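One-letter residues, chain by chain:
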Amino acid sequence: MAVAHALTRDQACRIAVLGALLASERPDDLYDAARRLTMLPLDRTRAVAPAADLVLWSRLGAQHRRGDLDDAVAAQRIVEVGGALRPVEDATLYRAEMAAWPTPGAWKDWHHQLSEWVQANEGARLDVLERLRQEGPLPVSALPDTCERPWRSSGWNNGKNVRMLVAQLVQRGEVAVAGREDGERSYDLAERVYLDQPVPALADSLAENDRRRLRAFGLARSGDVYQQGEPVGGGEAGEPAVVEGVRGRWRVDPDVLAAARDSADLFDDPAARRTVLLAPFDVLLHDRKRMSDLLGFDYALEMFKPRAKRRWGYYALPVLHGHRLVGKVDATADHEAGELLVHAVHEDEPFTPVVRDGVEARLAELAGWLGVVAVPAPH
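Residues numbered from 1 in each chain as written. Predicted model: local features only at pLDDT ≥ 70, side-chain atom pairs only at ≥ 80, totals over all residues. Heavy atoms only, no water.

1. Some points on the sheet that holds strand β15 (residues 373–375)
What the five strands build is an open sheet, ordered β11-β12-β13-β14-β15; its pairing is mixed. Strand pairing shows two members of the sheet lacking a second neighbour, β11 (275–277) and β15, which therefore form its edges. Averaged over all pairs of adjacent strands, the angle between their axes in this sheet comes to 30 degrees, without regard to strand direction. Pairing analysis gives eight bridges linking strand β13 (residues 324–334) to strand β14 (residues 339–347), with the strands arranged antiparallel. (Pairing = 2+ DSSP bridges. Helix = DSSP H or I, 4+ residues; strand = E, 2+ residues; numbered from the N terminus. Axes fitted to C-alpha atoms, helices over the stretch in contact; angles between N-to-C directions.)

If you want it as structure tokens, here you go:
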């Protein structure tokens, strides 16, 4: 058994920041960023900009032009797979899991119920596939509802037969998201969206996804760890690690670990530390438990809370300085007025002049990228 790397919490934070491409290394373009981060978040809230665009801007700056991602999605070079946007070639890694629908692991009662529901609506499944074959891509609203057994639930999906059937056909790899029109997903046969590539064995695809995810995280909890159904663990990829003062078993990517050891100046030299504004769903924050336990950051997206109960604002952007998360910026973009309204800057600890200048510089750059003018927070 390999001896676990003993890491301080400070070292672990540096590894996480390097893995997320938030230190000196920049990806080449949006495709390189999506491939190396393994995913771009799907949240399309436009309080400032869609989350995926903010993730790209945080790495690429003005090199990422607004509209580039929409163009890539329209051209199906970036596709929606597994709850995120990914390069179309990476979809092949998920098709082995799709073939094992509803789960590659042990079935629970709800897996059996889901399988039985789809089987009971086999005729409707064939009707949807035939309509897409003839006319796709199409939105759900253009697809026939010939389900014999309706979808029953206590939630808002109750009775939404076609929507839930199409969702399962996507999970099964028969149908794929082909793009969006006016914000609404359109669907087509998966064979017209995904590349015609050999599908790897399930064990190989799961291991490769673990390896890629760990490289993007730098450091992740070992084993199969999920957050709201999404994998956030490192499986058995990389090498074992323990973090001083933090519970649990961890896996560390050896290349990112080596880079952290070779890049001390990026974090130890005050002049070399970068200040970055992050999207609320950035890869660095994707695992909320890791964010709290490892990075020591207290944060939640508060758009669904009543205004009086918000601590940081409707859409607060986390502030990263060097390898530490140091605050949040509550901002919204008013494109009609041509302004980036900075409602408040929250300091988790008193900002140094360098951090304050860095935040102001990033806000000016963000405003320029959005094509508006930054309106600073009142003092």
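2. Thoughts on the nonpolar core
Residues L219, L284 and L366 are the most contacted members of the largest nonpolar core, which totals 88 residues. Not counting residues within four places of it along the chain, the set of residues in contact with L219 comprises L7, A12, I15, L214, A241, V243, W250, R251, V252, R290 and L294. (Core = buried A, V, L, I, M, F, W, Y, C linked by side-chain atoms within 4.5 Å. Buried < 20%, exposed > 50% of the residue type's maximum accessible area, 1.4 Å probe, protein only. Contact = heavy atoms within 4.5 Å.)

3. A look at the environment of A52
Summarising the element assignment, A52 is placed in helix α3 (residues 51–60). You can call A52 buried: its relative accessible area is 4%. Once residues within four sequence positions are removed from consideration, A52 is found in contact with L40, P41, D43, L69 and L85.

4. Regarding the packing of aromatic side chains
Taken as a whole, this structure holds four aromatic pairs when the rule is applied. Between F297 and Y299, the aromatic rings sit 5.8 Å apart at their centres with planes inclined by 10 degrees, giving stacked as the arrangement. Like Y299, F297 is buried. An aromatic cluster of at least three residues, connected via ring pairs, comprises F297, Y299 and W312. Above the ring of Y31, the side-chain terminus of R77 is found at 3.7 Å from the ring centroid. (Phe/Tyr/Trp six-rings, centres within 6.5 Å; stacked < 30°, edge-to-face > 60°. Lys NZ or Arg CZ within 6 Å of the ring centre and 35° of its normal.)

5. As for the packing of α3 against helix α14 (residues 353–370)
Closest axis-to-axis distance for the α3/α14 pair is 12 Å, and the angle between their directions is 125 degrees. Considering their axes alone, α3 and α14 lie oblique with respect to each other. Along this stretch, α3 crosses α14, giving a crossing that reads as right-handed. Residues D53, L54 and W57 of α3 touch α14, and the partners they reach there are R362, E365, L366 and W369. Across the contact of α3 with α14, the residue classes break down as four nonpolar, no polar and three charged. (Parallel < 35°, antiparallel > 145°, perpendicular 65-115°, else oblique. Left-handed = near helix turned anticlockwise from the far one by under 90°. Nonpolar A, V, L, I, M, F, W, Y, C, P; charged D, E, K, R; others polar.)

6. Side note on the sheet that holds strand β10 (residues 246–252)
On the basis of which strands lie adjacent, the open sheet formed by four strands has the order β1-β9-β10-β6 and mixed pairing. The two strands at the open ends of the sheet, each matched to only one other strand, are β1 (5–7) and β6 (219–221). Adjacent strand axes in the sheet meet at a mean angle of 40 degrees when their direction is disregarded. Strand direction decides the pairing type here: β6 and β10, joined by three bridges, are antiparallel.

7. Points about α14
End to end, α14 covers 26 Å across 18 residues, agreeing with the expected 26 Å (1.5 Å per residue, within 8%). Residues of α14 that are buried sit in contact with α3, β11, β12 (316–321), β13, β14 and β15. Where α14 ends, the next residue or the one after it, G371, has phi of about 80 degrees, a positive value. (Expected span 1.5 Å × (residues − 1).)

8. Some points on helix α7 (residues 122–135)
For an α-helix the count is 3.6 residues per turn, leaving residues at separations of three or four pointing the same way. The terminal C-alpha atoms of α7, which comprises 14 residues, lie 20 Å apart, in line with the 20 Å expected from a rise of 1.5 Å per residue. Its buried side turned inward, α7 meets α8 (161–171), β4 (175–181), β5 (184–189) and α9 (190–193).

9. Digging into the pairing of β14
If a strand is regular, its side chains alternate between the two faces of the sheet. Here β13 hands over to β14 after four residues, with G338 in that stretch at a positive phi of 70 degrees. Here β14 pairs with β15 via three bridges, running parallel. Of the residues in β15, the one forming a bridge with E339 is V373.

10. What about the pattern of salt bridges?
Enumeration according to the criterion identifies 28 salt bridges in this entry. The partner of E130 in a salt bridge is R133, with the nearest N and O atoms 3.1 Å apart. A residue pair is termed a helical-turn pair when its members lie 3 or 4 positions apart in one helix, as E130 and R133 do in helix α7 at three residues. Classification of E130 as partly exposed rests on a relative accessible area of 33%. For R221, the salt bridge goes to D287, with nearest N and O atoms at 2.6 Å. With a gap of 66 residues between them, R221 in strand β6 and D287 in the loop between β11 and α13 (288–293) connect regions that are remote in the sequence. Given the relative accessible area of 17%, R221 is considered buried. (Salt bridge = Lys/Arg side-chain N within 4 Å of Asp/Glu carboxyl O.)

11. Describing the environment of V175
Looking at the element boundaries, V175 is found in strand β4. Remark: the alpha-carbon pair of V175 and L138, spanning 37 residues in sequence, is separated by 11 Å. Not counting the four nearest positions on each side in its chain, V175 is found in contact with L129, L132, V166, L169, V170, Y187, D188, A190 and Y194.

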